[in-house]
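Fold and contact review
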Amino acid sequence: MPATEEQPISQAGWDFITDLGTLPEDENIIIDFLLQRLQRGQIYTWVGSLLLTLNPNNEVSTSHLYNSSEFNKHIDISHTTYEANPHIFAVAAKAHYNLIKEHGQNAQVIVISGETGTGKTFNACKCLEFLSNINKWSVQLSQGDCAHNIMLRITDACRLISTFTTACTEKNEISSRHGQLVKLHYKSGIISGATINSFLLERNRVTRGSSNFQIFYQMIFGMSPTELEIFNLSKDKYYDILNVIDCNKKKYFQESFQDTLNALDILDFKSDQKKNIFQVLALLIHMGNIKFREDGEICAIDFSNNKSKEALKSTCILSSLTEDTIMELLTTILINPQSTWRKHTSYHRHLVSVDACRNRLHSIIRYMYDLLFHWILNHANKTLSLKQQYSQWLGILDIFGFESFTKNGIEQLCVNYANEKMQQYFIETCVENNRNELQEEGFIKICNPSHTINLYKERLNVIEENLFLTLNDACQSPVVIDILTIIQSVCKNLHNAQKKFLSEKEGNFIIEHYSGPVTYSIEDLLSKNTDKVPNEISLIFSTSKNKFLRSLINFGEEQYLHIVKGSITKKTMLAKLKYNMDTLIKELRKCDLHYVRCVKPNRSINNEWDRKNFQKQLACIGIFDALPLAKCKYPIRLRHQDFYVRYSRKPMEMIDLDKCKLILESIVSKKDLQTQVHFGKQLIFLTEPIFLKLESYRRNYRIKYANKIKTFWIKHSKYNILHILFCSFLKILFTGRKIIPAISKYLGTNFSIQNIYNINKDNTTVKIMLESELKTSNSLEEAPVAQNNKETSHLNLVMENKENKNKNINKSLNETYSEYKNENKNNWPKMLNIFGKVYVLKNWPKIINLRYQLSDIQTKTYLKTINSDYFPKLEHGKDFHMYNDMIDDNCNDNNNNLLKQRLALHSSLMNIDSVKNINEKGYSMYCEKDKIVTIEIDSCLLFYKNRILSRRQLAAIPIRMHTRATCLINSHILPRSVLPQGLQDCL
Ligand SMILES: Nc1ncnc2c1ncn2[C@@H]1O[C@H](COP(=O)(O)OP(=O)(O)OP(=O)(O)O)[C@@H](O)[C@H]1O
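Conventions used here
- Residues numbered from 1 in each chain as written.
- Predicted model: local features only at pLDDT ≥ 70, side-chain atom pairs only at ≥ 80, totals over all residues.
- Heavy atoms only, no water.
- Helix = DSSP H or I, 4+ residues; strand = E, 2+ residues; numbered from the N terminus.
- Buried < 20%, exposed > 50% of the residue type's maximum accessible area, 1.4 Å probe, protein only.
- Contact = heavy atoms within 4.5 Å.
- Areas by Shrake-Rupley, 256 points an atom, 1.4 Å probe, with all protein chains shown as cover.
- Arc of directions from axis to C-beta.
- Pairing = 2+ DSSP bridges.
- Axes fitted to C-alpha atoms, helices over the stretch in contact; angles between N-to-C directions.
- UniProt positions renumbered as here; feature names shortened; annotations may be inferred.
- Near = heavy atom within 4 Å.
- Polar contact = N/O pair within 3.5 Å; in protein donor to acceptor, adjacent residues only side chain to side chain.
- Nonpolar A, V, L, I, M, F, W, Y, C, P; charged D, E, K, R; others polar.

A word on the overall build of the chain
Along its length, the chain carries 37 helices and 25 strands. Within the span of the chain, comprising 987 residues, buried residues form 53% of the whole. Look at the contacts in the chain between residues 6 or more apart in sequence, and 68% of them connect residues 24 or more apart. Put simply, the chain shows about 46,100 Å² of open surface, and 50% of that area lies on carbon and sulfur atoms.

Description of helix H2 (residues 68-75)
Of the positions making up H2, those classed as buried are Glu70, Phe71, His74 and Ile75. Burial along H2 is one-sided: seen end-on, the buried residues are contained in an arc of 140°. Lining the buried residues of H2 we find helix H3 (88-100) and helix H4 (120-138).

A short note on the sheet that holds strand S13 (residues 502-505)
With antiparallel pairing, the 3 strands of this open sheet are ordered in space as S13-S14-S15. Because the sheet does not close on itself, it has two edges, and the strands there are S13 and strand S15 (516-520). Strand-to-strand twist across the sheet, computed as the mean angle between neighbouring axes with direction ignored, equals 25°. Packing against the sheet, helix H14 (residues 452-476) makes contact with S13 and strand S14 (508-513), and its axis sits at approximately 150° to S14.

Thoughts on the UniProt feature "binding site: ATP" (unreviewed entry) in the chain
Within this structure's numbering, the places UniProt gives as "binding site: ATP" (unreviewed entry) are Gly114, Glu115, Thr116, Gly117, Thr118, Gly119, Lys120 and Thr121. Tracing the backbone shows glycine 114 in strand S3 (residues 107-114). By relative accessible area, glycine 114 is classed as buried at 6%. With residues near it in sequence (within four places) discarded, glycine 114 still touches Lys120, Gly401, Phe402, Asn419, Cys598 and Ile621. Within the secondary structure, threonine 121 sits in helix H4. When residues no more than four places from it in sequence are discounted, the contact partners of threonine 121 are Ser176 and Asp398.

Description of the pairing of S15
Pairing analysis gives 5 bridges linking S14 to S15, with the strands arranged antiparallel. Bridge pairing in S15 places phenylalanine 509 opposite tyrosine 520.

With respect to the site of the ligand
Close to the ligand lie 18 residues; Thr116, Lys120, Thr121, Ser175 and Ser176 are nearest. Taking asparagine 55, its side chain carries an N or O atom lying 3.0 Å from an oxygen atom of the ligand. In the model, a nitrogen atom of the ligand is placed 3.1 Å from a nitrogen or oxygen of the tyrosine 66 side chain. Going through the elements one at a time, H4 and strand S5 (175-176) are the ones with two or more residues in the shell around the ligand. The element contributing the most residues to the shell around the ligand is H4, with 3 residues. Within the shell around the ligand, the residues separate by chemical class into 5 nonpolar, 11 polar and 2 charged.

Observations regarding the sheet that holds strand S12 (residues 392-398)
One open sheet holds the 7 strands; their spatial order is S1-S2-S16-S3-S12-S6-S7, and the pairing between them is mixed. Looking at strand neighbours, the two that pair on one side only are strand S1 (44-47) and strand S7 (190-199), the edges of this open sheet. Recorded for the sheet is a direction-independent mean angle of 20° between the axes of neighbouring strands. For S3 and strand S16 (residues 592-599), the ladder comprises 7 bridges, and the chain directions are parallel. Bridge pairing in S16 links glycine 114 to cysteine 598. Relative to S1, helix H22 (residues 623-630) is tilted by about 65°, and along the sheet it contacts S1, strand S2 (50-54) and S16.

So, unusual backbone geometry
Within the chain, leucine 200 stands out as a residue other than glycine whose phi angle is a positive 60°. On the basis of relative accessibility, which here comes to 14%, the residue leucine 200 falls in the buried class. Its identity as a non-glycine residue notwithstanding, asparagine 232 has a phi of 55°, on the positive side. Position of asparagine 232 among the secondary structure elements: in the loop between helix H7 (225-230) and helix H8 (250-266). Classification of asparagine 232 as partly exposed rests on a relative accessible area of 33%.

Written out as structure tokens, the structure is:
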């Protein structure tokens, strides 16, 4: 290694360095450092927050890197002793942590990129494995099986999809020939399903005559001769689309075929569906063997060739179509000047060249394969997503790598364009925006605007606006155009500054990509770009007796081809590619991205490391661009306001930097504050350990208050039972009924007084107090609403723990009743109303009388959610009847006046826009749009949404602990002083 005087770090010291940002910005030093790490088996290195991975290329063993002890190191990154060593697990753990803790966006995506064969798919699988394990770890035992099942399905779906999309190429034996975004759906912090998006499948590979997709070889080697015979296939025959089969891989294909069959089973493919899939694959294999010959002025299927004759026969059997129909489909074009459906105006024109017929055959094969793949993907996605709602997702994006072979066609152009687009996005968002942010915050010196991003933009502009547009126009042209002339004219019309990106040489064109020049052949460029699928396919296959083929064609028309039918009708392969990439980038803009860049150091012929190639790979994936930014040691950045909202205990107020500093000072030591925190103009910069410390503080704080709320709830639930007892008792006093039947009626037939005392283990008694008493009573400390309540009437009900339950209850109730009875003689219903008003309606909204007209379903949902634990037999319309009687039947109030009064109070409380359409007649309403139940309870307005019951104001922010089934629903009755920040905001 070229050691220099100025080199600040000795090689020995390198052992402890895990981030390239710590090294001097010298490309040679960086290469040496990385190669030494590789030889020590350290294939992962940080470049700031970006992970650089080296493909070990069989130089070192890496199995120890993915064992359970390594998994355990990353399982809980919130742990204060956690050290983020560079590892693919660390990236997955961070994305998972951000998602679960709602730090950042609701969608986190791990973007894995690099050249072909550098290890993208390998690392994507490791991410999935890690997330699967962490999921298993985090679910409760009861849910464990279910969580395990879904992960098993996701892994199997990925395996199944990979057999249809991977093929052997010059550089990688199992190269992915499509881009894949696996979206793991999270619900309450647990994976509840997934969807897999596939884009840009290299469907030309099916008819290239080179190595085909794995599924074909798995089928030939994996099926027994008898099974193959069902599809007229044989291991010993030669099939054009499969080219020469590499028999050395026989065992590998046999084993992976079993995995594929298992995956199909796990994903709920029925046996006839599995048979249909293989039948279509066999059909494509046979179709590939059909040959053509010129016959006078027209072209026809070559019957003199036995292979071709046999292939046609098998095609007819497998597709359930006649020979004539197949011949018509392959050798003629349906000319229809008016409409496809008006048969009398259409006629068939014979194709005149063998090439034209072959192209037509190949486009049908490619189309059918594409359809089959998307049908399988669609089925798998249906099984994986289980129609569950989800609000968060974590994605793993594995996009096929940059390619440059000796001969490159439109397939490589597509792959390289996709990489070019992703790279531009990376440079724009990760490098440039980052740099600007750091400059604005005075972190790094303001330098001249970087030209890198402009170079990327300019190059993409040339590719999209000049090359692609011209090629697309040429494909639509009715006259035959010479492709070379087109390319030459495109190159000629470029501005001087653009000429370096696209040039023509010896009948080929060269694009100067971000990772170097690639020469593309113009052979078949237009025909492949047109990729015209004959319109007649649908017409002809819809007459087939094979039900699956018919449904496959329908599927294509209904779902998969909707884009083609829509705004980009008749568009070409390149147009569709651009559309797909634009859509993907648009989606990524809404997500937080975690970048993983893969490289593969190779050895040259003399067994030395190929440093030049390695340096080129590092440059191409933007490592050298990201290096200066990696020197900023604060990966976490929060806007002042966001910081305050997340970590402050107090409600929102005017926020300034000093308030944030105060929070930090109360949690972080002075030394850490100086070395690990930087206060910028708009942002607060934190190191990862400090961020995790803050998070851990926040979590403990929330847990503490969640527990307080739970304790409070448990206590008061008992109080509630006593209230029922109290109401029943009053009713009995005035109606002369016996207590037990009344309570039984109220709570359901199996409920006895014994149950009440069983629940009431703390010997809670009920007492009625005057307001004056109430103010001085210590026992009310835990019933804060009563204290704070402005509308509290002169009576209130409180709870006390006393030794002797039975007598006390009766005594206190009797005493109070007689006291009031004497005073109010004939006016007891009013008094009762006051009791009810104060106690039931203010503090315990769960007891709602029928005047609050919830519809059947709303009431049931409401009751079910709120009361099911306590009133298992409660039914709408029946159980509240008694209370309704007490107010309605006996109340002397003028109902209209009462109504008016209530509405007046009600409107004074109406400050929520989304609940404007309150039902004037009733006292509750359901807002369909926002899914909110509004309940007017006397002068109090309650909102019920997402299992949160809140008062006066809607729950403004989602609070995790508040939405869990085990959490308190009625936490609006806690005093503000003991509520955590989130709940304060909510109530
Ligand atoms: N960390 C690693 N440990 C062991 N083997 C690895 C590692 N990374 C990659 N490989 C091996 O390198 C080979 C190529 O990897 P992979 O197929 O993941 O590349 P890729 O970048 O996805 O290529 P393509 O873009 O062509 O799909 C595989 O055989 C894989 O097993």
